[in-house]
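Coordinate analysis (summary)
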Amino acid sequence: MKLKLDFESLESQWKARQIDLFPWLDGLFALIRTRKSLIRETEKRLSSSTHATMVQFLSSDDRDCARVARQIIKKQDHESLLPILLYSLEKIEKKDYPRRVMESLLDFNPNLSFGYLLGYLNLRQMHKDKVFQMISGIFQHLDESYPSPYTKEQFFVDIFYAIRTDLEDRMPSSKILKTMEDFEKIVLDLRILKLIYKSIAKKEDDRVVEDEMRRIGREVVISLKGLSFKFDHCDIIIEQISDVIPYMALMRLDADLEFLEDLPSKIKTSPVSKDEKEDIIDKAKAAIKIIEQPERCIQEILDELEAPPF
């Protein structure tokens, strides 16, 4: 999703949050209230506060306040709430805060919230480590969030639909990748694919994820062989080829088999070291095995390889 966010407005909202909304919690009345009445009053006041304030209280050290904030956040209009929720990742440094944001995102439609997340990631790449941490957390704790196999499978369908849509928006109008600049526009989404796979590898969900990744490769990316690799530049070719081969394998890009098979001859005269050439060739051979055996899980094939491509 290509977002157009006003970060000056988001910063103004953040600065204007009502962080002193509940001074009464430390007052005399707090001493005579029951815990239940305190939380009820918190919910009442927070419900009429600003979105930035709701998000601030999501990070509260008081778990009950954070729980109340999450329940209130999920009832808000996503168009105005999701931007400030994601922006808060840049403002709040608490170790478990990305997990709390993750849980709130899952309260919305996964297709919608993940689309926002991908859009935000591409806009604010300097904060990608936090976003990657959060996405990894989503898939590592799926069994807690989606105990039912049916709801979990639907979640995967929604998430990969969001990725597919985002990739289509970032691809060239011709839908063909020709330059490394084209590749750079979609590489963060591709790295999300790799992150998702690593998070669920060796679990019962890996086949569902592999099917969805292959669908993305077949319907959107189609091929990476058309990129203008500079085989006569040793400092570039290693980085480019090493980065691209794992995606050829993950998305099982059949159209790239010939390219992978020809790689040994292509880099034969390239000014790179023998070890670097062997590393690329080993990765290419591994990718070929993965592409040529679609009936087998990727992890099963990786376990047999001495030099896996990722």
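The structure contained in this document is the topic of the report that follows. (Residues numbered from 1 in each chain as written. Predicted model: local features only at pLDDT ≥ 70, side-chain atom pairs only at ≥ 80, totals over all residues. Heavy atoms only, no water.)

1. Notes on the side chain of lysine 130
Quick note on the threshold: For helices the rule is a DSSP run of H or I covering at least 4 residues; for strands it is a run of E covering at least 2, with both sets numbered from the N terminus onward. Polar contact is defined as a pair of N or O atoms within 3.5 Å, subject to the rule that within protein one atom must be able to donate a hydrogen and the other to accept it, and that residues adjacent in sequence are counted only when both atoms are side-chain atoms. In this description, contact between two residues means that some pair of their heavy atoms is separated by no more than 4.5 Å.
In this fold, lysine 130 is placed in helix H9 (residues 128-140). Here isoleucine 92 takes part through its backbone oxygen, which lies 3.0 Å from a polar atom of the side chain of lysine 130. Not counting chain neighbours up to four residues away, the residues in contact with lysine 130 comprise Leu89, Ile92 and Glu93.

2. Notes on the packing of aromatic side chains
Cut-off, in case you're wondering: Ring pairs are drawn from Phe, Tyr and Trp, using the six-membered ring of Trp, whenever the two centres fall within 6.5 Å, and their geometry is named by plane angle: stacked under 30 degrees, edge-to-face over 60, tilted for the rest. Only protein chains enter the accessibility calculation, which uses a 1.4 Å probe; a residue whose area is less than 20% of its type maximum is buried, one above 50% is exposed, and one in between is partly exposed. A ring is considered to have a charge above it if a Lys NZ or an Arg CZ atom is located within 6 Å of its centre and within 35 degrees of its normal.
Going through the model one piece at a time under the given rule, you end up with 7 aromatic pairs. Taken together, a centroid distance of 5.7 Å and an interplanar angle of 50 degrees make the contact between phenylalanine 139 and phenylalanine 155 tilted. Residue phenylalanine 139 is found in helix H9, and its partner phenylalanine 155 is found in helix H11 (residues 149-170); the two are separated by 16 residues along the sequence. Each member of the pair phenylalanine 139 and phenylalanine 155 is classed as buried. In textbook terms, an aromatic cluster arises when at least three aromatic residues are bridged by ring pairs, as seen for Phe7, Tyr87 and Tyr120. One cation-aromatic arrangement involves arginine 124 over phenylalanine 7; the distance from NZ or CZ to the ring centre is 3.9 Å.

3. Brief notes about the pattern of salt bridges
How we decide: Every case where a carboxyl oxygen of Asp or Glu lies within 4 Å of a side-chain nitrogen of Lys or Arg is listed as a salt bridge.
Under the defined criterion, the tally for this structure stands at 24 salt bridges. Among the ionic pairs, aspartate 279 bridges to lysine 283, the shortest N-O distance being 3.7 Å. Linking aspartate 279 with lysine 283, this pair stays in helix H16 (residues 274-292), spanning 4 residues, or about one helical turn. Among the residues examined, aspartate 279 registers a relative accessible area of 34% and is labelled partly exposed. Linking arginine 296 and glutamate 300 is a salt bridge whose minimum nitrogen-to-oxygen distance equals 3.2 Å. Each of the salt bridges in this network shares a partner with another, and the network as a whole consists of Arg70, Arg99, Glu103 and Asp107.

Without other data, these values stay purely geometric and don't point to any function.
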